[in-house]
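# Per-entry structural report
In case you want the letters, here they are:
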Amino acid sequence: MSTEQERVVVGVDGSSGAAEALSWALRYASNSGAEVTALIAWAHPTYYGLGAPIPEEDIDQRAEQRLSQSVADAVNQLGVDVGIQQRVVRGIPARALLDAAEDADLLVVGSRGHGGFTGALLGSVSQHCVHHASCPVVVVRERSE
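Residues numbered from 1 in each chain as written. Predicted model: local features only at pLDDT ≥ 70, side-chain atom pairs only at ≥ 80, totals over all residues. Heavy atoms only, no water.

Here we take up the packing of aromatic side chains. Per the stated rule, a full pass over the model turns up one aromatic pair. Centroid distance Trp24 to Tyr28: 5.5 Å. Interplanar angle 10°. Geometry classified as stacked. Of this pair, Trp24 and Tyr28 both sit in helix α1 (residues 16–32), four residues apart, which is roughly one turn of the helix. What makes Trp24 partly exposed here is its relative accessible area of 27%. Owing to a relative accessible area of 27%, Tyr28 belongs among the partly exposed residues under this scheme. (Phe/Tyr/Trp six-rings, centres within 6.5 Å; stacked < 30°, edge-to-face > 60°. Helix = DSSP H or I, 4+ residues; strand = E, 2+ residues; numbered from the N terminus. Buried < 20%, exposed > 50% of the residue type's maximum accessible area, 1.4 Å probe, protein only.)

With that settled, consider the packing of helix α3 (residues 93–100) against helix α4 (residues 124–132). Orientation of α3 relative to α4, taken along the N-to-C sense of each, is 35°, at an axis distance of 9 Å. Crossing hand, α3 versus α4: right-handed. Facing Pro93, Ala94, Leu97 and Leu98 of α3, the residues of α4 in contact are Val125, His128, Cys129 and His132. Here the contact of α3 with α4 is composed, by residue class, of six nonpolar, two polar and no charged. (Axes fitted to C-alpha atoms, helices over the stretch in contact; angles between N-to-C directions. Left-handed = near helix turned anticlockwise from the far one by under 90°. Contact = heavy atoms within 4.5 Å. Nonpolar A, V, L, I, M, F, W, Y, C, P; charged D, E, K, R; others polar.)

Ala94, Ala96, Leu97, Leu98 and Ala100 are the residues of α3 that are buried. Buried residues along α3 sit in contact with β1 (7–11), β2 (35–42), β3 (84–90), β4 (106–110) and α4.

A word on the pairing of β2. Extensive coverage of β2 is indicated by the burial of seven of its eight residues. Judged from the five bridges that link them, β1 and β2 form a sheet pairing that is parallel. Opposite Gly11, over in β2, you have Leu39 as the bridge partner. (Pairing = 2+ DSSP bridges.)

According to the stated counting rule, one finds three salt bridges in the structure shown. In this structure, the salt-bridge partner of Arg7 is Asp103, at a minimum N-O distance of 2.5 Å. With a gap of 96 residues between them, Arg7 in strand β1 and Asp103 in the loop between α3 and β4 connect regions that are remote in the sequence. With a closest N to O distance of 2.4 Å, Arg90 and Asp60 form a salt bridge. (Salt bridge = Lys/Arg side-chain N within 4 Å of Asp/Glu carboxyl O.)

Below, the discussion takes up helix α2 (residues 56–78). Within an α-helix, residues lying three or four positions from one another point in the same direction, as the helix has 3.6 residues per turn. The end-to-end C-alpha distance of α2, which contains 23 residues, comes to 33 Å, matching closely the 33 Å that a straight helix rising 1.5 Å per residue would cover. Where α2 is concerned, the buried positions are Ile59, Asp60, Ala63, Leu67, Ser70, Val71 and Ala74. In this structure, the buried residues of α2 make contact with α1, β2 and β3. (Expected span 1.5 Å × (residues − 1).)

The biggest cluster of nonpolar side chains holds 23 residues, and the ones touching the most others in it are Val8, Val10, Leu22, Leu26, Ala38, Leu67 and Val108. The set of elements that each furnish at least two residues to this core consists of β1, α1, β2, α2 and β4. Discounting chain neighbours no more than four positions away, the residues touching Leu67 are Val12, Ala38, Leu39, Ile40, Gln86, Arg87 and Val88. Core analysis: the next-biggest nonpolar cluster, separate from the first, contains 14 residues, Leu39, Leu97, Leu98 and Leu107 among them. (Core = buried A, V, L, I, M, F, W, Y, C linked by side-chain atoms within 4.5 Å.)

Time to look at the pairing of β4. When a strand is regular, its side chains alternate between the sheet's two faces. Counting buried residues in β4 gives five out of five residues, a clear majority hidden from the surface. Covered by surrounding structure in β4 are Leu106, Val108 and Gly110 together with Leu107 and Val109, the residues of both alternating faces. When β1 meets β4, the two strands line up parallel, connected through three bridges. Within β4, the residue paired with Val9 across the bridge is Leu107.

Okay, structure coming up:
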């Protein structure tokens, strides 16, 4: 019998779908005793528009603030007391989630985030995770879907 604590990885991007996924993961962890790794990932956009590129440190800081606020909002709303690790990763979101979930017990993602076609049935990140994760994947749909 293993004494290792169950670990759940959840993708966060500031979207309402990611907020639903984070809430689901926190409720699950509260009930199961699992630890949660909340992860936000970003990659440089291919087009910056006019002006100078945004420094990576600024993007890291914005991502960290978005992640911290998302976690704080979910914890306050749910009133749960679970172990939460927060990670900001530079890289393609789907790859970052798969890498983080490599030794996890569960990966939780929203059905759609900030990228891709908003009318798609399943977002590209969640779809990629469903097909390539080495652990079970829970896709949480927004309540309004």
